[in-house]
Amino acid sequence: MVKLAEWRGKRLFRKYAIPVPSGIVVRSPGDAFSAARDGAVPLPCVAKAQVLAGGRGTGGAVRFASTPEEVRDAVAAILGMEFKDEKVREVLLEQKVAIGRELYVAIALDRSLRLPILIASSSGGVEIESVADGSIDRQPIHPFAGLAAYERRRAARALGLSGPLAASLDPILSALWSLFVREDAELVEINPLAVVGDRLVALDAKVIIEDDAGFRHPEYAEILDDRTPLEELAREKEIAFVQLDGNIGVIANGAGLTMATLDVLQEFGGRPGIFLDLGGTDDPKKVSEAFLLMARAKPAAVFLNIFGGVTRCDTVARGLVAAMHEVPAADRFPLIARIRGNNETEGVEILRAAGVSSVPDLKSSAQAAVAAAAGAR
Ligand code: GDP
Ligand code: MN
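Numbers given for residues are sequential positions, taken from 1 along each chain in its written order. Ligands are numbered from 1 and chains lettered from A, in the order in which they are written. The model is predicted, so local features are restricted to residues of pLDDT at least 70 and side-chain atom pairs to those at 80 or more, both for listing and for counting; the totals for chains, interfaces and linings are taken over all residues. To get the side-chain values, all heavy atoms of the structure are used, and hydrogens and water are removed first.

### A few points about helix 3 (residues 68-79)
A run of H or I in DSSP becomes a helix once it reaches four residues, and a run of E becomes a strand once it reaches two; helices and strands are each numbered from the N terminus. Multiplying 1.5 Å by the helix residue count minus one yields the expected span of that helix. Compared with an ideal rise of 1.5 Å per residue, which puts twelve residues at 16 Å, helix 3 spans 16 Å between its outermost C-alpha atoms and is within 8% of the ideal. Using a 1.4 Å probe on the protein chains alone, a residue whose accessible area is under 20% of its type maximum counts as buried, one over 50% counts as exposed, and one in between counts as partly exposed. Those residues of helix 3 that sit buried are Pro68, Val71, Ala74, Val75, Ile78 and Leu79. The buried residues of helix 3 occupy an angular sector of 125 degrees when projected down its axis, which confines them to one face. Here a residue-residue contact requires only that any non-hydrogen atoms of the pair lie within 4.5 Å. At its buried positions, helix 3 is contacted by strand 2 (23-26), helix 2 (29-37), strand 3 (45-49), strand 4 (62-65) and strand 7 (91-95). In this description, one arc is meant: the one made by directions from the helix axis to the C-beta atoms.

Spelled out as structure tokens, the structure:
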């Protein structure tokens with residue numbers, strides 16, 4: 001999922017002529033100070049942490065400043081934050097505007113309708129999840145016909161806008177639709193869309209680009225750097241590998257089984273944290289590579305949960321055993337295996353010969369993995 005930082009979203013807004021305050025991105029308090037002193041950012045201004053999580057407004061990650069000194073201090077404070085586990089590296093400095101009302105508009109993909117929908121609410125500025133459902137207007141959009149004039153008018157009414165404000169909403173909604181389609185977005189959200197005098201200004205931008213369209217957008221390659229170095233390596237090798245903060249490594253095949261395995265480990269008090277989905281492969285070399293990658297993530301224990309189909313049990317076992325010998329002694333970890341399905345007998349035998357026993361029962365094998373990880377700590 002390519003979730004864009006606010007400033008990148010606003011850069012897209014500018015491209016589609018959606019009004020946003022003027023602003024710049026800084027990465028140090030010193031740069032912030034000079035930008036404010038030299039007039040590169042109008043004062044008073046707003047300093048906003050460029051993190052992907054929401055709720056910055058209430059979490060101290062949005063601050064106001066009126067002098068270059070205040071700007072410097074606000075930026076220093078924000079850069080020192082870890083906001084919802086995300087380190088703040090960039091701060092957006094923007095002209096502060098006098099807000100009349102805060103509105104919410106978004107175009108999202110509604111997967112159950114299988115259509116884009118236009119969402120409008122006059123209660124903007126707060127998390128939309130906490131807004132009473134009755135006060136949110138939702139309109140499905142015909143994907144080929146696009147956003148019609150009557151639909152834009154209905155949204156204006158839902159937002160309680162009339163006269164010049166309704167008139168200024170209209171091109172914003174059309175632009176939002178163009179952006180959604182042309183930029184391959186799955187979500188474009190403006191919250192708040194602020195009433196500033198008789199104009200509307202997008203004070204925040206949340207844009208998510210559809211993952212499957214990534215190949216059409218080389219411009220976003222650089223922002224995928226929130227991957228860990230190992231995740232980056234995995235991507236190059238086309239291995240589905242995700243690191244979170246648990247200590248149990250999970251190697252499974254297929255997203256469904258991988259997820260279920262995480263749940264089961266969690267259920268027995270384990271902390272699964274390194275996920276590797278072998279998917280469908282019939283190449284032991286690929287399995288070896290994946291296993292070595294897992295080893296480099298230094299798991300306390302690894303739970304191998306394979307259901308053999310296209311990916312045969314013996315292929316996995318062969319790849320695994322070949323890789324086990326390459327892991328340096330200091331990096332070895334307990335391996336708990338459960339392999340079932342296609343060519344199970346051969347696979348189990350290959351593992352056994354290498355000193356790894358496969359426990360067919362899911363509950364017992366998961367519990368063994370949790371115990372092994374606890375023992376390793
Ligand atoms: P979020 O909480 O992470 O969604 O961050 P937002 O960008 O939505 O900002 C949070 C809140 O800060 C907004 O709802 C506004 O109330 C306030 N805010 C942001 N920019 C301005 C501004 O230019 N002027 C004023 N007065 N308030 C602002
Ligand atoms: Mn917001």
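### A short note on the sheet that holds strand 4
In any sheet, the strands associate via hydrogen bonds between backbone groups, in a parallel or an antiparallel arrangement. With respect to topology, four strands assemble into an open sheet ordered 2-7-3-4, the strand pairing being antiparallel. Strands at the two margins of the open sheet, each flanked by one partner only, are strand 2 and strand 4. Between one strand axis and the next, the sheet turns by 25 degrees as a mean value, whatever way the strands run. Axis definition: a line fit to C-alpha positions, over the contact stretch in the case of helices; interaxial angles, taken between N-to-C directions, run 0 to 180 degrees. In the packing of helix 1 (residues 6-15) onto the sheet, contacts are made with strand 2, strand 3 and strand 7, and the angle to strand 7 comes to roughly 45 degrees. Packed onto the sheet, helix 3 meets strand 2, strand 3, strand 4 and strand 7 and runs at close to 15 degrees relative to strand 3. Should DSSP find at least two bridges between two strands, the strands are taken to pair.

### Remarks on the nonpolar core
Take the buried residues of types Ala, Val, Leu, Ile, Met, Phe, Trp, Tyr and Cys, join any two whose side-chain atoms come within 4.5 Å, and each joined set is a nonpolar core. Formed by 39 residues in total, the largest nonpolar core has its most connected members in Phe13, Ile18, Leu161, Ile190 and Leu200. By residue number, the principal contributor to this core is helix 5 (residues 163-182), which donates ten residues. In this structure leucine 200 touches Pro19, Leu103, Leu161, Leu165, Ser168, Leu169, Ile172, Leu193, Ala194 and Val195, once residues within four positions along its chain are discounted. Core analysis: the next-biggest nonpolar cluster, separate from the first, contains 33 residues, Leu230, Phe241, Ala317 and Met324 among them.

### A short note on the pattern of salt bridges
The salt bridge criterion pairs a side-chain nitrogen of Lys or Arg with a carboxyl oxygen of Asp or Glu, the two atoms within 4 Å. If you walk through the whole model with that rule in mind, you get 21 salt bridges. The salt bridge partner of glutamate 6 is arginine 56, with a shortest N-O separation of 2.8 Å. Residue glutamate 6 is located in helix 1, and its partner arginine 56 is located in the loop between strand 3 and strand 4; the two are separated by 50 residues in the primary sequence. One salt bridge in this structure joins arginine 72 and aspartate 73, with 3.3 Å as the shortest N-O distance.

### Structural notes on the packing of aromatic side chains
Stacked, tilted and edge-to-face pairs are distinguished by plane angle, under 30 degrees for stacked and over 60 for edge-to-face with tilted covering the rest, among Phe, Tyr and Trp rings (Trp via its six-membered ring) whose centres lie within 6.5 Å. Considering all chains together, one arrives at two aromatic pairs under this definition. With a centroid separation of 5.9 Å and 20 degrees between ring planes, the pair formed by tryptophan 177 and phenylalanine 180 is classed as stacked. A residue pair is termed a helical-turn pair when its members lie 3 or 4 positions apart in one helix, as tryptophan 177 and phenylalanine 180 do in helix 5 at three residues. One exposure class covers both tryptophan 177 and phenylalanine 180, and it is buried. With 5.6 Å between their ring centres and 50 degrees between their planes, phenylalanine 291 and phenylalanine 333 make a pair best called tilted. Of this pair, phenylalanine 291 sits in helix 8 (residues 284-296) while phenylalanine 333 sits in the loop between helix 9 (313-324) and strand 18 (335-341), placing them 42 residues apart in sequence. Judged by its relative accessible area of 2%, phenylalanine 291 is buried. Under the relative-accessibility criterion, phenylalanine 333 is labelled buried at 13%. Here lysine 96 stacks its cationic end above the ring of phenylalanine 64, 4.4 Å away from the centre of that ring. When the NZ atom of lysine or the CZ atom of arginine is within 6 Å of a ring's centre and also within 35 degrees of its normal, the charge is said to sit over that ring.

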